[in-house]
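The residues making up each chain are set out below.
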Amino acid sequence: MRGLLTSRYLVAVLAAACFAVCAPLIPGMATSGNLSNLVWNMLPLAVVTIGEVFVLIAGGIDLSVTAIIALCSVTGALVMNGRTGYLAGNPAAAPVAVLFMLLVGALLGFLNGCAVTRLRMPAFIVTLTTMMFFGGFAVWLTRSANIDALPPAFNGLAGFGTLTVAVVVALAAHRTLRHSIFGRWLYATGMNARASLVSGVPVHAVTIAAYSVSGLLAAAASVLYTARLETGSPVLGQRIFLDVIAAAVIGGTSLFGGRGTVAGTLAGVLFVALLDNSLNLLGVSFFLVFTAKGVVILVAALLDSAAQRVLGEAVE
Amino acid sequence: MSLLLDRISKSFSGVPVLRQVSLTVAPGEVLGIAGENGAGKSTLMNILGGVFAPDTGGMMLEDRVYAPRDPSEAAARGVSFVHQELNLFPNLTIAENLFLTDFPRRQVLGLPLIDRRAAAQNARRLLDAVELPLSPDTPVERLSQGERQLVEVAKALHRDARIVIFDEPTTSLTANESARLFGIIERLQARGAAVIYISHALADVRRLASRILILRDGEVAATGPAAEFTEERMISSMVGRPIGQLYPKRRPLPSDAAPLLEACGLTHRDVLEDVTFTLHAGEVLGIAGLMGSGRSECARILFGLDPCDHGQILLSGAPIQRLSPRERIRRGLAFLTENRRDDGLLMPAGVLANLALVEPRSGGLESVAARVGVRCANLDRQPVRQLSGGNQQKVALGKWLVSPPRVLLLDEPTRGIDVGARAEIYRIIAALAETGVGILLISSEIEELTGMCDRILVMRRGEIAGSIARPDFDREHILRVAL
């Protein structure tokens, strides 16, 4: 029990157990159609959550990721749509728009990072305000309308491209966190920013970089979601905010900084997607799904503190 | 007999921490307890305070069985603690802190309300008892560390305490404030309270205590009247072997030693005033001074953590005052800060991760850990939070030695750590100086400065009030200049 509780694979084991229990009970769960649906739901969520985890490890929080997703979605769509887009009909419209979206996302993240470090404001307040600002701006830009008629080359990203992007992001993030100096600095900053500063860690630069990564990956997820919907939407991603935080926390990332892994995050994302999926198949109301997610986050947090206690006991 | 402990044993996860510890304290007596970190002092105090129950053995308090289930029961029986870590709420006032759990009350229309006037009166009486001339309405965040410690003492006195336990109370006190504390302890004694005084400052223990008890590895290693103990005997009982010279022998500094770090006219409003000095290669330069005299601030400015209005800092002749801490580190500056918990270590991380913080690398760290003598179960996995204070301090020092520094700033490098670890840290400092590293040693302990330094600067209110060379070292003289 003790070994399981403190295992880093706890969430993956729980997810597998959840699937094993639900699959025979819920009709339609183990069908190939449903499973592929599950995977396609997971991939973009994994990309945003990994970005969020970078910020959480550095001891911050980014509430604006979903607003960045929405703003990137509409700015990209404004550039490339076939009716009013600046590059309408241009064969380079799709790649240029993708680059533009990524650039916008990274820039918004950079702004978040600068606000947190230069204004010395709490990350929660900064990203809460930028969430409203970015989200509001996205709605204003489009007069709250969806933008369709996106180039087929762009919409084509929805299939195999999504898988590629998610895999590349996960591997790169894993390597960065585990093996790069930037990764070490992220953890150090999250554990003790003052000690890091005294030890010569460029704490401000590391923080700004973490928010930039979060913005960039939110933009990448925005590309995937937008391509899947074939529409630029100013409210894209609004519903997934809870999922992002839930997946990160369930995946073992500490909201106090200094702890979190890509593997854990992927397990957390799997768990959240599985929960969503099974409740949907059961025909549970959308609002009850929220309640269920709340309960799961609570349980995850309790398990986490139980594991901390077990680890801590050996000490006293 | 006020307090009697009979063969108390306690183990955690099968590891015995206390073995058959017995002790007595009579009314009006001061029992001094000393022991290295990990000897079981904290566990013993936690048992007294009702935090843990002993596995075997029993306690009597004023001839009644004493088995507190929780700290509030211990407090109700008249057992009071003055802790090493300050347990005050900085955002509350002194009076609010003193009466946190039992504000004087009055009934208004049948509702219990706080009787502010009674609280203020009681608080003033308690503050008088510790000779702290402050208004009870002062927020604690405005007090110095020393004043806060005295508020802790007042808090312990507030219930008519029968047993008062002081756990390392002087670590944050100036010499003056310590003297005041000793006066308070003597008055407590005269009132018939029993006092337990735990400290690494052996001279204080010897001076205050009527009887002394030395703990080693969870057992009573020696006990007896204070008169039977010399400091050497205390140390050898604590360590279990005679510990040679605490301060290593140092060769006199050659007169042609090259200047390494020069501070010229450092001035920052209300912090430093025209601070000028030169640190030479191979020199150990001490900075004495009371808390708030600007000694820590001076180090922070030298390292680039705090701003400075005027003045120049030269490292080997090149100005560095415009550089960030990171760039100063690259040029060979290193800074062991005063508080390893707040700005020294990554507490949840392992020893190796901490050592790699300054100079990211993965190889060769084990040898650094060995060089500073860190002892732990697992260098990679065990969080440094779990290490003893001495081992933590060795890690905090070790991270600066991964690539050798040219100038090492040390702010209270041996605060709150045991004799064995201190001796090792002194040995490391002396060895570094031997290789030509310039060392700036800031300390509240004058013995440490006179034992280690080639020269001592005395700071007072942000200025350098005196510079004393080794042949003229004299405790009284240094204190006089500092005041």
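From a predicted model like this one, the values you see are computed outputs, not experimental measurements. (Residues numbered from 1 in each chain as written. Chains lettered and ligands numbered in written order. Predicted model: local features only at pLDDT ≥ 70, side-chain atom pairs only at ≥ 80, totals over all residues.)

If you tally the helices and strands in chain B, you get 17 helices and 22 strands. Along the first, second and third principal axes, the C-alpha atoms of chain B reach 70 × 50 × 45 Å. In chain B, buried positions account for 46% of the 483 residues. Across chain B, contacts joining residues at least 24 apart in sequence account for 68% of those joining residues at least 6 apart. (Helix = DSSP H or I, 4+ residues; strand = E, 2+ residues; numbered from the N terminus. Buried ≥ 20, exposed ≤ 12 C-beta atoms within 10 Å, placed from the backbone. Contact = placed C-beta atoms within 7 Å.)

Of all hydrophobic cores here, the largest spans 245 residues; its most connected members are Val47, Ala219 and Ala220 of chain A together with Leu409 and Ile439 of chain B. Counting residues per element, this core draws most heavily on helix α11 (residues 203–229) of chain A, at 16 residues. Domain assignment of the residues forming this core places at least three in each of domain 1 (3–239) and domain 2 (259–482) of chain B. Contacts of Leu409 of chain B, omitting those with residues within four sequence positions, involve Ala299, Leu302, Phe303, Ala334, Phe335, Leu336 and Leu440 of chain B. (Core = buried A, V, L, I, M, F, W, Y, C linked by C-beta atoms within 7 Å. Domains from an automatic or database assignment.)

On to the interface of chain B and chain A. Every contact between the two is made by 22 residues of chain B and, on the other side, 19 residues of chain A. Only α10 (325–330) and α11 (340–343) of chain B provide two or more residues apiece to the side of chain B that touches chain A. It is α10 of chain B that provides the largest number of residues to the side of chain B that touches chain A, a total of 3 residues. For the side of chain B that touches chain A, a count of residues per class yields 14 nonpolar, 4 polar and 4 charged. (Nonpolar A, V, L, I, M, F, W, Y, C, P; charged D, E, K, R; others polar.)

On to the pairing of strand β10 (residues 194–198) of chain B. All names here are of chain B. Of all 5 residues in β10, 5 are buried; the element is thus mostly enclosed. Of the two faces of β10, both are covered, the one formed by Ala194, Ile196 and Ile198 as well as the one formed by Val195 and Tyr197. Pairing geometry for strand β3 (residues 30–35) and β10, over 4 bridges, is parallel. Pairing of Leu31 across the sheet is with Ile196, part of β10. In this sheet, β10 lies alongside strand β9 (residues 163–167) in parallel orientation, the contact comprising 5 bridges. (Pairing = 2+ DSSP bridges.)

Another point: helix α9 (residues 295–303) of chain B. Because an α-helix packs 3.6 residues into every turn, residues spaced three or four apart end up facing the same way. Residue and element names in this part refer to chain B. Judged by how many residues are buried, α9 sits mostly within the fold: 9 of 9 residues are covered. Arg295, Ser296, Glu297, Cys298, Ala299, Arg300, Ile301, Leu302 and Phe303 are the residues of α9 that are buried. With its phi angle positive at about 90 degrees, Gly304 sits one or two positions after the end of α9.

Residue and element names in this part refer to chain A. Taken N-terminus to C-terminus, the directions of helix α3 (residues 32–57) and helix α8 (residues 160–179) make an angle of 35 degrees; their axes are 9 Å apart at the nearest point. By crossing handedness, the relation of α3 to α8 is classed as left-handed. In this structure, α3 uses Trp40, Leu43, Pro44, Ala46, Val47 and Ile50 to contact α8, whose residues at the interface are Thr162, Leu163, Val165, Ala166, Val169, Ala170 and Ala173. Its residues placed into classes, the contact of α3 with α8 shows 12 nonpolar, 1 polar and no charged. (Axes fitted to C-alpha atoms, helices over the stretch in contact; angles between N-to-C directions. Left-handed = near helix turned anticlockwise from the far one by under 90°.)

Turning our attention to the sheet that holds β10 of chain B. Strand pairs in the sheet, formed through backbone hydrogen bonds, run parallel or antiparallel to each other. All names here are of chain B. Spatially, 6 strands are ordered β6-β9-β10-β3-β11-β12 in an open sheet, and the strand pairing comes out mixed. A single partner strand is all that each edge strand has here, and the edge strands are β6 (79–82) and β12 (219–225). Ignoring strand direction, the axes of neighbouring strands in this sheet form an average angle of 20 degrees. Relative to β9, β6 runs parallel, the two being bridged by 4 bridges. The partner of Val82 across the bridge, within β9, is Phe166. Across the sheet, helix α5 (residues 145–158) is in contact with β6 and β9; its angle to β6 comes to roughly 180 degrees. Together, β3, β11 (211–216) and β12 form the strand contacts of helix α8 (residues 231–239), whose direction differs from that of β11 by roughly 30 degrees.

Below, the discussion takes up the confidence of the model for chain A. Within chain A, residue pLDDT values average 88, and 94% of them lie at 70 or more. Per-element confidence in chain A is highest for α11 of chain A, whose mean pLDDT is 96, and lowest for helix α1 (residues 2–5) of chain A, whose mean pLDDT is 58. (pLDDT = per-residue confidence, 0-100.)

Once that is clear, we can look at the domain arrangement of chain B. All names here are of chain B. Annotation of chain B at the domain level lists domain 1 (3–239) and domain 2 (259–482). Using C-alpha coordinates to define each centre, domain 1 is positioned 31 Å away from domain 2. On the domain 2 side, the residues contacting the 15 residues of domain 1 number 13 residues. Elements represented by at least two residues in the side of domain 1 that touches domain 2 include exactly α5 and α8. The biggest single contributor to the side of domain 1 that touches domain 2 is α8, with 3 residues. Taken together, the residues of the side of domain 1 that touches domain 2 sort by class into 4 nonpolar, 9 polar and 2 charged.

Right, let's talk about the environment of Ile165 of chain B for a bit. Residue position: Ile165 of chain B is located in strand β9. Not counting residues within four places of it along the chain, the set of residues in contact with Ile165 of chain B comprises Met45, Leu48, Ser80, Phe81, Val82 and Ile196 of chain B.

Turning next to the packing of helix α4 (residues 116–129) of chain B against α5 of chain B. All names here are of chain B. Across the interface, α4 lies against α5 with an axial gap of 9 Å and an inter-helix angle of 115 degrees. In the crossing of α4 with α5, the sense of the turn from one axis to the other is right-handed. Residue-level inspection shows Leu126, Leu127 and Ala129 of α4 in contact with α5, the latter providing Ala154, Leu157 and His158. Of the residues belonging to the contact of α4 with α5, the class tally is 5 nonpolar, 1 polar and no charged.

With that out of the way, let us pick up the sheet that holds strand β15 (residues 284–289) of chain B. All names here are of chain B. Across the sheet, which stays open at both edges, the 6 strands sit in the order β18-β19-β20-β15-β21-β22 with mixed pairing between neighbours. At either margin of the open sheet sits one strand with a lone partner, and together these are β18 (333–336) and β22 (463–469). Adjacent strand axes in the sheet meet at a mean angle of 20 degrees when their direction is disregarded. Strands β15, β21 (455–460) and β22 of the sheet are contacted by helix α17 (residues 475–482), whose axis makes an angle of about 30 degrees with β21.

Let us now look at the confidence of the model for chain B. Low pLDDT means the predicted coordinates in that region are not meant to be read closely. Looking at chain B as a whole, its pLDDT mean stands at 87, while 98% of the residues score no less than 70. As a predicted assembly, this complex carries a pTM of 0.79 together with an ipTM value of 0.83.

Time to look at the pairing of β15 of chain B. Residue and element names in this part refer to chain B. The buried count for β15 comes to 6 of 6 residues, which makes it a mostly enclosed element. Neither face of β15 is open: one carries Val284, Gly286 and Ala288, the other Leu285, Ile287 and Gly289, and all of them are buried. Of the strand pairs in this sheet, β15 and strand β20 (residues 438–442) are connected by 4 bridges, and their pairing is parallel. Following the sheet pairing, Ile287 is matched in β20 by Ile442. As paired elements, β15 and β21 share 5 bridges and run parallel to each other. Each residue of the ladder has a partner; that of Gly289, found in β21, is Met459.

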